[in-house]
Amino acid sequence: MAITGISLNQPLAASGPARTYFFNGRLLSAEDLRREQVLREAGQRGLARLLGCGIARGLGVAWSAGSSELTVSAGLGVTAAGDVIETGDFTLDLAAARLAGPAGGFADCKSAFGDGAAAAGLYLLVLTPDSIADGRAPTLLGDVGACNRNVELPAVRAHLVPLRAPEGASANDLRNRVAVALLAPATRKLGWIPASMAPTLAASDLPLAVLRLALSAQVEWADPEAARRNLAPAPDAAADALWPRAGRVEMEAFARQFAAQLRGSGALPAARAADSPPESDDYALLPPVVLLDAPTRARWQAVFGALGNLALPPGWPFSRERFVLALEGGLNDTPVARDEAQLQIMQLTPADRAGPQWLLRLRARDNPDAPLP
C-alpha cells in the first residue's frame, strides 16, 4: 500500500537493512557487529550488481583429455548475486570432488567438504564464495567451542552443477548444442544461464566451464567459452533494458566458443576414433559472426569445405564502414542452422598483426537483410 501525505524534507523509510547506532556507553553484542558486516557486504553486492555479472579477467580453465585434474588461472569475476570472486592460480582434482550445494547463511560449525567422486555426466564448473577460519579468539568465557574463530579469511569453493543435455543431442554434436542452449532465450535465467539447463545453479555461483566427465571424473572434453561471459548486465537485468548488451555479449561468447572448438581444443567426442578429424555434423548451429586466423581458416575449410554453402570464397576488399556493419549485424543476430546458412567473408589485414584474419558473416537463407555489397 502506497504511503500518502508525505511532506517535503520528511524522512521516509526506504528499502535496505538497518544499521547499528553507536554511542558512548552502549553495550555491544556479536549481533550488533554482525549487522554492520551484513550492511557493508550488502552495499558491496549492490554496487557489483550495477556492473552486471560474469568474468572481468582471467579465471581460464586448462585441462588434459583423460585426466581428472583442471588448472584455473588467477582472475576476477562477479556472481549474479553480486559476490566478487577473486583468486590466484590453483589446480583442482575432480576425482576427489563432491557434488555439493552452495554455502549460504549460518550453519553448524562443521566441514562443508566431503569425499566421493563425481559421477560421469555433463556439468558446469563453478566457483562459490566461502571463508576459512583462522585462529582462536580470546573470550571472557574461555573456550566457547568449535565456532570460536579469530578471523575469517576470504575463500572460494569449486564445485560441479549438473547440466541437462539438450534434447536430440548426439555424442558428436553435444558440445555445440550445449553451447547454443546456454545462449538461448529463456523465460528465466540465473545470471547468464537458463534455469532449465542448470536447475541447481545458485545466484552465488560463478560459471567457469562446461565439463563432460567419464567414469572416475576423467575429462572427456571441457568448454570454458560455453559457460563464461564478459562482465555485463545479464539478459533480465533492468540496466540492460534500454541498450541491450546481453545479446551481443552472448554472441561474442558463442563466436569464441565456436572458434575454440574448431581449432580442436579438448578431446574429440568419445564416440569417435581418436585419429578422426572433426566433421561438419559436430555443428548443428553456427554463430552469426566469427573471426578466423590462418590456422583456424584452414580448419574451417577442412570441416566445411565439402558443403557448398559454407566453402570459403576469397576474401573481398572492405571499407571500415562495411566491416563495422558486418560485425555489428552479426553480434545483434542469432545462431544459424548449418544447413540453412549462407556465408560472406572479408579479409582483414591490420597493420599491427603478423598475418591476416577473416571475418565470416553467417545468415540464414531466408534472412530478409540484403547481402553485404
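Nothing here was measured: the structure is a model prediction, and the numbers come from that model.

1. Overview of the packing of aromatic side chains
Tallied over the full model, the rule gives 5 aromatic pairs. Seen in terms of ring centroids, Phe258 and Tyr283 are 5.2 Å apart; in terms of plane orientation they differ by 65 degrees. Their pairing is edge-to-face. Here Phe258, found in helix H4 (residues 246–262), pairs with Tyr283, found in the loop between H4 and strand S13 (285–286); they are 25 residues apart in sequence, far enough to count as distant. For the ring pair Tyr283 and Phe304, a centre distance of 5.5 Å and an interplane angle of 50 degrees mean the geometry is tilted. Of the two residues, Tyr283 is situated in the loop between H4 and S13 and Phe304 in helix H5 (residues 294–304); the sequence distance between them amounts to 21 residues. Look at Tyr283 and you get buried, because its relative accessible area is 1%. Of the aromatic side chains, those joined through ring pairs into one cluster are Phe258, Tyr283, Trp300 and Phe304. Across the ring face of Trp358, the terminal group of Arg297 is positioned such that the distance to the ring centre comes to 4.7 Å.

2. A closer look at helix H6 (residues 320–331)
Along its 12 residues, H6 runs 17 Å from first to last C-alpha, staying within 8% of the 16 Å computed at 1.5 Å per residue. Along H6, the positions that sit buried rather than exposed are Ala326, Gly330 and Leu331. Angular distribution of buried residues about the axis of H6 spans 125 degrees; they occupy a single face of the element. Exposed residues on H6 whose side chains face more than 90 degrees from its buried face are Glu321 and Leu325. Here the buried face of H6 lies against H4, strand S14 (289–292), strand S16 (341–348) and strand S17 (357–364).

3. Some remarks on the nonpolar core
Side chains that are nonpolar tend, in soluble globular proteins, to be buried together. The biggest cluster of nonpolar side chains holds 21 residues, and the ones touching the most others in it are Leu70, Leu94, Leu125, Leu208 and Leu211. Among the secondary structure elements, those contributing two or more residues to this core are strand S2 (61–63), strand S3 (69–72), strand S7 (121–134), strand S11 (206–213) and strand S12 (219–223). A per-element tally of this core places S11 first, with 5 residues. In this structure Leu208 touches Ile55, Leu59, Val61, Val72, Leu125, Val126, Leu127, Pro224, Ala227 and Arg228, once residues within four positions along its chain are discounted. Leu310, Val336, Ala341 and Leu362 belong to the second largest nonpolar core, which has 19 residues in total.

4. Some details on the pattern of salt bridges
One side chain can pair with another of opposite charge once the charged atoms of both are near each other. Applying the stated criterion across every chain yields a total of 14 salt bridges. Between Glu86 and Arg57 there is a salt bridge, with the nearest N and O atoms lying 3.0 Å from each other. With a gap of 29 residues between them, Glu86 in strand S5 (residues 84–87) and Arg57 in strand S1 (residues 54–58) connect regions that are remote in the sequence. By relative accessible area, Glu86 is classed as exposed at 53%. Since its relative accessible area comes to 43%, Arg57 is described here as partly exposed. A salt bridge links Arg177 to Asp173, with the shortest nitrogen-to-oxygen separation between them at 3.0 Å.

5. Regarding the sheet that holds S1
With respect to topology, 3 strands assemble into an open sheet ordered S1-S4-S5, the strand pairing being antiparallel. Edge strands, defined here as strands with exactly one partner in the open sheet, are S1 and S5. Strand-to-strand twist across the sheet, computed as the mean angle between neighbouring axes with direction ignored, equals 10 degrees. When S1 meets strand S4 (residues 75–78), the two strands line up antiparallel, connected through 4 bridges. In the strand pairing of S4, Gly58 is matched with Gly75.

6. Things to note about the packing of H4 against H6
Following both chains from N to C, one finds H4 and H6 inclined at 100 degrees, their axes separated by 8 Å at the closest point. In terms of orientation, H4 lies roughly perpendicular with respect to H6. Between H4, through Gly247, Arg248, Met251 and Glu252, and H6, the contact on the second element is made entirely by Glu328, Gly330 and Leu331.

The rules behind each value
- Residues numbered from 1 in each chain as written.
- Predicted model: local features only at pLDDT ≥ 70, side-chain atom pairs only at ≥ 80, totals over all residues.
- Heavy atoms only, no water.
- Phe/Tyr/Trp six-rings, centres within 6.5 Å; stacked < 30°, edge-to-face > 60°.
- Helix = DSSP H or I, 4+ residues; strand = E, 2+ residues; numbered from the N terminus.
- Buried < 20%, exposed > 50% of the residue type's maximum accessible area, 1.4 Å probe, protein only.
- Lys NZ or Arg CZ within 6 Å of the ring centre and 35° of its normal.
- Expected span 1.5 Å × (residues − 1).
- Arc of directions from axis to C-beta.
- Contact = heavy atoms within 4.5 Å.
- Core = buried A, V, L, I, M, F, W, Y, C linked by side-chain atoms within 4.5 Å.
- Salt bridge = Lys/Arg side-chain N within 4 Å of Asp/Glu carboxyl O.
- Pairing = 2+ DSSP bridges.
- Axes fitted to C-alpha atoms, helices over the stretch in contact; angles between N-to-C directions.
- Parallel < 35°, antiparallel > 145°, perpendicular 65-115°, else oblique.

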